[in-house]
Amino acid sequence: MRKKLVVLSGAGISAESGIKTFRDSDGLWESHNVEEVATLDGWYRDPDLVTDFYNARRAELAKTGPNDAHKLVAALEQYYDVTVVTQNIDDLHERGGSTNIIHLHGEATKACGENGKRFVQDIGYRPIAHGEKAADGTRLRPFIVWFGEAVPMMEEAVKVVEQADILVIIGTSLNVYPAAGLLYYAPGHADIYVIDPKEVQPISRKVTFIKEKATVGMRRLFDSLTR
């Protein structure tokens with residue numbers, strides 16, 4: 001039986017593809033108020049503003065593609081039973097070749113009805129029109145888990161991490177909960193690797209740090225895990 005390898009990815013893995021991160025000095029939160037574009041209250045206050053914000057993210061995504069880090073994560077499936085748990089709303093893991101992906105915070109290429117994220121539909125990279133309706137007649141909204149909303153895939157992610165023999169954390173500051181707490185569900189025998197060029201908050205588990213950007217660090221780890 002092949003070992004279970006779980007990848008927990010954040011914005012840093014997609015940054016090298018040209019996708020703006022939220023928290024860096026030139027990131028999206030520098031030019032947008034979180035309360036306006038990433039909360040349910042913001043949506044109800046000005047749904048057109050929120051719709052336009054995610055239309056722009058979708059248009060940005062359409063112009064980019066997966067980088068070597070995404071492709072190397074997918075290539076690990078030749079050697080391990082791999083599940084990707086991502087905090088990202090982009091589809092670069094899918095386009096990089098990964099086949100088993102849990103999106104904790106939703107997906108930019110999907111939309112849903114206003115009530116309880118039902119009536120989910122694939123919309124690709126097209127914009128959502130102002131006032132566009134979902135199948136239930138409510139306003140079509142981005143299929144995104146906003147701040148303050150429940151993370152419906154969290155329970156599934158916990159179950160996956162609990163089975164990990166190897167946990168790879170790549171491109172995340174481990175500041176956003178509940179996702180940041182996932183590493184503590186890894187069993188005691190699991191090998192844990194953290195790939196990030198920046199300092200990551202202190203971790204009270206034994207980990208191996210690879211202080212490199214995603215593409216470089218993932219190449220180093222891939223070679224180590226497959227030789």
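Conventions adopted
Position numbers for residues start from 1 in each chain and track the written sequence from start to end. Since the coordinates come from a predicted model, pLDDT governs what is reported: local features require at least 70, and pairs of side-chain atoms require 80 or more to be given and counted, while whole-chain, interface and lining totals use all residues. In computing side-chain properties, one takes all heavy atoms of the structure into account and sets aside hydrogens as well as water. Secondary structure elements are defined from DSSP: runs of H or I of at least 4 residues count as helices, runs of E of at least 2 residues count as strands, and each element is numbered from the N terminus. Note on method: radius of gyration uses C-alpha positions; expected globular size equals 2.2 Å times residues raised to 0.38. Only protein chains enter the area calculation, which uses a 1.4 Å probe; residues under 20% of their type maximum are buried, those over 50% are exposed, and those in between are partly exposed. It only takes one pair of heavy atoms within 4.5 Å for two residues to be counted as in contact. The method behind every accessible area is Shrake-Rupley, applied with a 1.4 Å probe, and residues are considered shielded solely by the protein chains displayed. In this charge count, Lys and Arg are treated as positive and Asp and Glu as negative; neither His nor the chain ends contribute. Note that the charge is assigned to NZ on lysines, CZ on arginines, CG on aspartates and CD on glutamates. For this analysis, a polar contact is any N or O atom pair within 3.5 Å, provided that within protein one partner can donate a hydrogen and the other can accept it, and provided that sequence-adjacent residues contribute only side-chain to side-chain pairs. Each patch groups residues whose relative accessible area exceeds 30% and which form no salt bridge, using 9 Å between like charges and 5 Å between nonpolar side chains of Val, Leu, Ile, Met, Phe, Trp and Tyr. Between Lys or Arg on one side and Asp or Glu on the other, a salt bridge is scored when a side-chain nitrogen of the former is within 4 Å of a carboxyl oxygen of the latter. Note: two strands are recorded as paired if DSSP finds a minimum of 2 bridges between them. Angles shown run from 0 to 180 degrees and are taken between the N-to-C directions of axes, each axis being a line fitted to C-alpha atoms and, for helices, limited to the stretch in contact.

**Student:** For this particular structure, what's the right way to read the overall build of the protein?
**Tutor:** Secondary structure summary: the protein contains 9 helices and 9 strands in total. For a compact globule of 227 residues, the expected C-alpha radius of gyration is about 17 Å, and the protein comes in at 18 Å, within 12% of that figure. For the protein, the spread of C-alpha atoms along the principal axes amounts to about 55 × 35 × 30 Å. Taken across its 227 residues, the protein has 52% of its residues classed as buried. In the protein, the proportion of contacts linking residues at least 24 apart, taken out of those at least 6 apart, comes to 63%. When the accessible area of the protein is evaluated, it comes to approximately 10,700 Å², of which 50% is carbon and sulfur surface. Each charge sign in the protein was given a centre, from 27 positive and 32 negative side chains, and these centres are 3 Å apart.

**Student:** Sorry, what's going on with helix H6 (residues 68-75) here?
**Tutor:** Residues spaced three or four apart along an α-helix point in a common direction, a consequence of the helix completing one turn every 3.6 residues. Across the 8 residues that make up H6, a large majority, 6, are buried. Taken residue by residue, H6 has Ala 69, His 70, Leu 72, Val 73, Ala 74 and Ala 75 as its buried positions. Buried-residue contacts for H6 involve strand S1 (4-9), helix H1 (11-15), strand S2 (81-86), helix H7 (92-96) and helix H9 (214-226). Of the residues flanking the start of H6, the one acting as N-cap is Asn 67, its side-chain oxygen 2.8 Å from the backbone nitrogen of Ala 69.

**Student:** I'm lost on a negative patch on the surface in this one. Help?
**Tutor:** Together, Glu 35, Glu 36, Asp 41, Asp 46 and Asp 52 give the surface a local cluster of negative charge. When you line up the elements, Glu 35 lands in helix H3 (residues 34-37). Assessed through its relative accessible area of 46%, Glu 35 is described here as partly exposed.

**Student:** Would you explain the sheet that holds strand S8 (residues 191-195) in this entry?
**Tutor:** Backbone hydrogen bonds hold the strands of a sheet together, and the pairing may be parallel or antiparallel. Strand order in the open sheet formed by 6 strands is S3-S2-S1-S7-S8-S9, with parallel pairing between adjacent strands. The open sheet has two edge strands, strand S3 (101-103) and strand S9 (208-210), and neither has a second partner. Taking each pair of neighbouring strands and ignoring which way they run, the sheet shows an average axis angle of 15°. Bridge count for S2 against S3 is 3 bridges, and the pairing is parallel. Bridge pairing in S3 places Val 85 opposite Ile 102.

**Student:** Could you clarify how one ought to interpret the pattern of salt bridges in this entry?
**Tutor:** Pairs may arise between side chains of opposite charge once their charged atoms sit close together. Inspection of every chain in the model, using the stated rule, returns 11 salt bridges. Here Glu 60 and Arg 57 are joined by a salt bridge, their closest N and O atoms 3.7 Å apart. A residue pair is termed a helical-turn pair when its members lie 3 or 4 positions apart in one helix, as Glu 60 and Arg 57 do in helix H5 (residues 47-62) at 3 residues. Overall, the relative accessible area of 14% leaves Arg 57 in the buried class. For Glu 212, the salt bridge identified is with Arg 220, shortest N-O distance 2.9 Å. The partly exposed category is assigned to Glu 212, whose relative accessible area is 24%.

**Student:** I keep staring at the side chain of Ser 17 and nothing clicks. Help me out?
**Tutor:** Turning to its location among the elements, Ser 17 is positioned in the loop between H1 and helix H2 (28-31). For Ser 17, a relative accessible area of 15% gives the class buried. In this structure Ser 17 touches Thr 64, Gly 65, Pro 66, Asn 67, His 70 and Leu 92, once residues within four positions along its chain are discounted.

**Student:** Looking at this structure, I do not really get the side chain of Ser 9. What am I missing?
**Tutor:** Here Ser 9 is to be found in strand S1. The class of Ser 9 is buried, set by a relative accessible area of 0%. In contact with Ser 9, not counting residues within four places along its chain, are Val 84, Val 85, Thr 86, Gln 87, Asn 88, His 93 and Ile 170.

Geometry only, nothing functional implied.
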